[in-house]
Structures are given as structure tokens and as C-alpha cells.
Amino acid sequence: MKTTLVILAAGIGSRYGAGIKQLAQMGTYGEIIMDYSIYDAKEAGFDKVVFIIRKDLEKEFKRVIGNRIEKQIEVEYVYQEISDVPEKYKTLAEERKRPWGTGQAVLCCKDVVKEPFVVINADDYYGKEAFQKLHAFLVSGGHPGKELSMAMAGFSLKNTLSENGTVTRGVCVVDNGVLKRVIETYGIHSDQNGTILCDDEEVQKWITPEERVSMNMWAASAEFIGYLEEGFANFLESLGGDAGKQEYLLPSIIDQQIQKGEAVVKVLDTGDKWFGITYLEDKKPVQEAFGKLIEEGIYPENLWG
């Protein structure tokens, strides 16, 4: 069975003080975070990579990573544009200043992704275990039933924190290995005693360092993209003619599917530590973390040899 890795990279224009954070060099030979994700995905059995990018960043993106990856695995490019909406909403798109969100980004793949896929963020490092488990889920056919069968990588909250500030995470309510809710929770950080603090009063009552969180790593069949198309039209209609700032986001979309009984999402736990660059100050610790993984033999120093 052919499987595809979809990478959400249309947001690489967002800056964090000095340069484009998702394109910051991590390895000795110019490797960036995406290189390591693609390496792990290929090792796990994925056959193709689809980059979702902005058209205006195509040249820079290909220079930094695309041209290199094309020599390693089948690659396709998809372009997320604000104007890519159904005809009746074109006027709304003209008033919009920011992208429509990760749900619309994956929807842009509808003409090139016809096989089971995993979607990830461009600027997150997930570790090998999550790719292996999600690939195994896809090739097993999931869990056939009337509901859409999906899976997500479940990270321990303590493995996804930043030492340089608060983070936002999709905190998960899990029952017997199945996702029941995703609660987008802001202001998460750990105090000196290791106690987790956050901005949500209800979540604060029960949140612990071991809580499962979503890092936007989802596995689904191509059928899910059809659902996104229908849902995006409903989302645009709900704006009532106001372009606004609301976004069509994967965690919210999937949570809605769960609440409606339209999807069953299996949570596949991973003990790997997540790395990401949320703040400028995160760059050096992440570079050091990759250096340690190379020292331990997890990755070769020259990733693609």
C-alpha cells in the first residue's frame, strides 16, 4: 500500500526574530527539522512527500530543502492560497489577510493525495516511534466501520514543553486508547515544582505532566479530505460574510467529527521527546538536541550521505 507524508509548510513565512524558523539549520550538512521527519518517515515505509507551501516562497523552499529531498523520495508540491475557496466565497477571500488554517491546507491536497496519509507540522520534530506506529496503522487499514477511521500520535505533555515560555497544546481526553476530546489549551508551562499550569480553569483541575497532547500529527485515509471539503464550505458560510480571523483548524475539525460520531480516532502513544522552535531562544537547545541524537547514533551526521 502506498502511503504519503503531508507536511504543513505554508506558514514558513512567520518569523521569530531572525530568519524563517522552519528553515533554521539543525545539522552539520544543512539539515533542517523537516529533513529528520522525512528521514524517519521514509525509514518507516512512507513512499511520497507532499509539501504544502506558499507559492511566493517556492524558490527559497526548494533551495533550502526541496531540491535535496527530491533525490531521496517522490515529492509533490501543493500551494495554499487565501484565494483557493469555492466561487461564491471569492469576495470573502479578497478581504482576508491571513491563511484559512491547517484544515484548508490539507484540503489543497485533494488532487494529489489519493492514498492513506499522515500530516505533520513543518517545524516540529516527532521522533521515529510515531512515524512507525502511524504507518503501521495506515497499512493495517485502520479499524473499518461506518465512522472514519483515524489515528493520532499521543505525546506526553511533559515531552512537549518549552523552557523559554508558555505553549499552546491540544490536550486530549482519551478513553481506552480512543480520543474523546481535544481541548485547545493556552498558556501551558511547568513551575519550579514540575506542576503544570495553564490558562483554562477547567483543564487546570486535572492536567498533569503525563497528559496526552496532540502535536498535529494525524493519520487518515484520503476520504478525510472529502470531509474537509464539505466542512470548509460550512466554515465559510458560518462567517456570515465577514472574512474575520477565524481559522479552519485540524484539531477542531477532528474534534467535531468525534462529537458527531463521524470519526473514531485511535491514540497511539509515543515516548519520544518532541522538539520545536516556538521562540528564538529555542533554536540553540534544539540544535544541541539533534547533536546529541547524532552522537547516540540515532542519525548519521550527514543525514542523506
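Before reading on, note that the structure itself is shown above.
Residues numbered from 1 in each chain as written. Predicted model: local features only at pLDDT ≥ 70, side-chain atom pairs only at ≥ 80, totals over all residues. Heavy atoms only, no water.

## Here we look at the overall build of the protein
Helices and strands together make up the secondary structure of the protein, namely nine helices and twelve strands. For the protein, whose C-alpha radius of gyration is 19 Å, the value lies close to the compact-globule estimate of 19 Å for 305 residues. For the C-alpha atoms alone, the extent of the protein along its principal axes is close to 55 × 50 × 40 Å. Within the protein, buried positions represent 52% of all 305 residues. Sequence separation of at least 24 residues holds for 75% of the intrachain contacts in the protein that already meet a minimum separation of 6. Taken as a whole, the protein presents about 14100 Å² of accessible surface, with 46% of it coming from carbon and sulfur. (Helix = DSSP H or I, 4+ residues; strand = E, 2+ residues; numbered from the N terminus. Rg over C-alpha atoms; globule rule 2.2 N^0.38 Å. Buried < 20%, exposed > 50% of the residue type's maximum accessible area, 1.4 Å probe, protein only. Contact = heavy atoms within 4.5 Å. Areas by Shrake-Rupley, 256 points an atom, 1.4 Å probe, with all protein chains shown as cover.)

## Regarding the pattern of salt bridges
Opposite charge on two side chains lets them pair, provided their charged atoms get close. Scanning the model with the defined rule gives 17 salt bridges in all. Close ionic contact of Asp 40 with Lys 128 constitutes a salt bridge, the shortest N to O distance being 2.8 Å. Here Asp 40, found in helix H1 (residues 33–44), pairs with Lys 128, found in helix H5 (residues 128–139); they are 88 residues apart in sequence, far enough to count as distant. Each member of the pair, Asp 40 as well as Lys 128, is classed as buried. Note that Glu 129 and Lys 133 form a salt bridge whose closest N and O atoms lie 3.3 Å from each other. Highlighted residues: Glu 129 and Lys 133, both in helix H5, separated by four residues, approximately one helical turn. Relative accessible area serves as the criterion here: at 25%, Glu 129 is assigned to the partly exposed category. With a relative accessible area of 33%, Lys 133 lands in the partly exposed category. (Salt bridge = Lys/Arg side-chain N within 4 Å of Asp/Glu carboxyl O.)

## Description of the nonpolar core
One finds Leu 5, Ile 7, Met 34, Ile 38 and Phe 51 to be the most contacted residues of the largest nonpolar core, which totals 63 residues. Sorting elements by how many residues they give to this core places H1 first, with seven residues. Look past the residues within four positions of Ile 38 in its chain and what remains in contact with it is Leu 5, Ile 7, Val 49, Phe 51, Ile 65, Ile 69, Ile 73 and Trp 304. Counting residues in each nonpolar core, the second largest holds 45 residues, with Leu 107, Cys 108, Val 113 and Phe 235 among its members. (Core = buried A, V, L, I, M, F, W, Y, C linked by side-chain atoms within 4.5 Å.)

## As for the layout of surface pockets
By volume, the second largest pocket amounts to about 410 Å³. Leu 161, Ser 162, Glu 163, Lys 273 and Trp 274 are the residues nearest the centre of the second largest pocket, which is lined by 21 residues in total. Each residue belonging to the lining of the second largest pocket can be placed in one class, and the counts come to ten nonpolar, seven polar and four charged. (1 Å grid on protein atoms, 1.4 Å probe; cavity = no way out; pocket = protein on both sides within 12 Å on 5 of 7 lines; lining within 4 Å. Points joined across faces, edges and corners; volume = space filled by probe spheres on them. Nonpolar A, V, L, I, M, F, W, Y, C, P; charged D, E, K, R; others polar.)

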